[in-house]
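For reference, the chains in residue letters:
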Amino acid sequence: MGLPLDHITVFEMAGLAPAPFAGLIMADFGANVIRIDRSQGFNADVLTRNKRSIALDLKNPVAIKTLLELFKTADVLLDPFRPGVMEKLGLGPDVLLKQNPRLIYARLSGFGQHGPNAQTAGHDINYIAIAGALSMIGRQGEKPFFPVNILGKSCTDFAGGGLMCVMGILMALMERSKSGKGQIIDANLTAGTSYLATFPYLMQKYGLVWEGERGSNMLDGGAHFYETYRTKDNRFMAVGAIEPQFYAVLLEKLNLDKEDTLPDQLDKDAWPDMKNKFQSIFAAKTQQEWCSIFDGSDACVTPVLSFQDPIPGTDRKAEAPSPAPQLSRTPAKKPAVSKDESPPFLTVGENSIDILKEFGIGSEQIKELLTSNALVDAASGKSKL
């Protein structure tokens, strides 16, 4: 059985998180993803599943000439560099689309290919700040609070960057099936993150669930029924009982449903006192005890699970990430299960010569690449064919 993208060849210029994640998704669903590494140094990227590596010295004209040949039959190119870098290498979209009009040229950058910030350095905190998302995160009366790096990266690098880029690539591939033409994709992290914030933006604009100060609203930490609570064993439970019928189940499980003095669920003035009440209640039992109470109910209460540390006395923890969504006929490749705890690094140049031969590069040209130090093949050595 074939995979959805097994007819697609993707070249990924080695870079940081967004492009490797985009390449990982496409590789998981069957694309032939080839990472173009620098011929010197070590690439610490762990998003290498189902990929291969060719190592080239991009400062060597012979290497650039070879890439131009490889790109003639490519379907997708992932560009992770600042605007203008690929043009300086002689690999800009004007050159590549001229020789391969069907190419999908996907550019991943922080602030986009144009505009005042295009050439400016930035990181996750900067992108979510410019996108408007950071202004909505934080406790009431406190400064905006940026998510820890891995979550910030989930929002910007991975969701607003890599995943949004893949969405653009798939749409471009669908359009190409009708027009026969490729195109350039500007998948910048700031615009992608802004797009992800469409729901809170509209809610805030129209004064629905985001009408007050940051941290005082229903979904940003103000409400007692949408919050995390510490348990007796210093772990946490997540509560998200928004709808009245779910809130009623929550109160029942907390033995509060029989109290006649409880304020209305949406009485914002009562939220701080209710939050204090919930804190005391949740602190009286362990996480596992609360799981035994809430599991299987509609109270919308779940344990805060870790990838590494299971709930004490159980083997329950967060499952390792795997390809999503699931397709019924042509599912993605399942990640290999291994007890090896070492990071899944892809050796730089591990597949160099095999890839060149696959794309019709002859022995004499391969020898020229090796002898001129334009190519490294980890399997055969630096200067042997």
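Residues numbered from 1 in each chain as written. Predicted model: local features only at pLDDT ≥ 70, side-chain atom pairs only at ≥ 80, totals over all residues. Heavy atoms only, no water.

## Considerations on helix α7 (residues 189–196)
Owing to its 3.6 residues per turn, the α-helix aligns residues three or four sequence positions apart on the same side. All of the buried residues along α7 are L189, T190, G192 and T193. The buried residues of α7 occupy an angular sector of 165 degrees when the element is viewed end-on, so they sit on one face. For α7, the side-chain oxygen to backbone nitrogen distance between the N-cap and T190 is 3.2 Å, and the N-cap itself is N188. (Buried < 20%, exposed > 50% of the residue type's maximum accessible area, 1.4 Å probe, protein only. Helix = DSSP H or I, 4+ residues; strand = E, 2+ residues; numbered from the N terminus. Arc of directions from axis to C-beta. Polar contact = N/O pair within 3.5 Å; in protein donor to acceptor, adjacent residues only side chain to side chain.)

## Overview of the pattern of salt bridges
Per the counting criterion, the structure on display carries 12 salt bridges. D28 is paired through a salt bridge with R49; the nearest N and O atoms lie 2.7 Å apart. Of this pair, D28 sits in helix α1 (residues 18–28) while R49 is found in the loop between β2 (32–38) and β3 (51–56), placing the two residues 21 residues apart along the sequence. You can call D28 buried: its relative accessible area is 3%. Among the salt bridges present, the one from D45 reaches R35, with a minimum N-O distance of 3.6 Å. Taken together, the positions of D45 in the loop between β2 and β3 and R35 in strand β2 put the pair 10 residues apart, joining distant regions of the chain. On the basis of relative accessible area, D45 is assigned to the buried category, the value being 10%. (Salt bridge = Lys/Arg side-chain N within 4 Å of Asp/Glu carboxyl O.)

## Some points on empty space enclosed by the protein
Enumeration according to the criterion identifies 1 cavity of 30 Å³ or more in this entry. Put simply, the largest cavity is a space of about 30 Å³. For the largest cavity, the full set of lining residues is M13, A14, I36, D37, R38, L58 and F81. The element that contributes the greatest number of residues to the lining of the largest cavity is β2, accounting for 3 residues. (1 Å grid on protein atoms, 1.4 Å probe; cavity = no way out; pocket = protein on both sides within 12 Å on 5 of 7 lines; lining within 4 Å. Points joined across faces, edges and corners; volume = space filled by probe spheres on them.)

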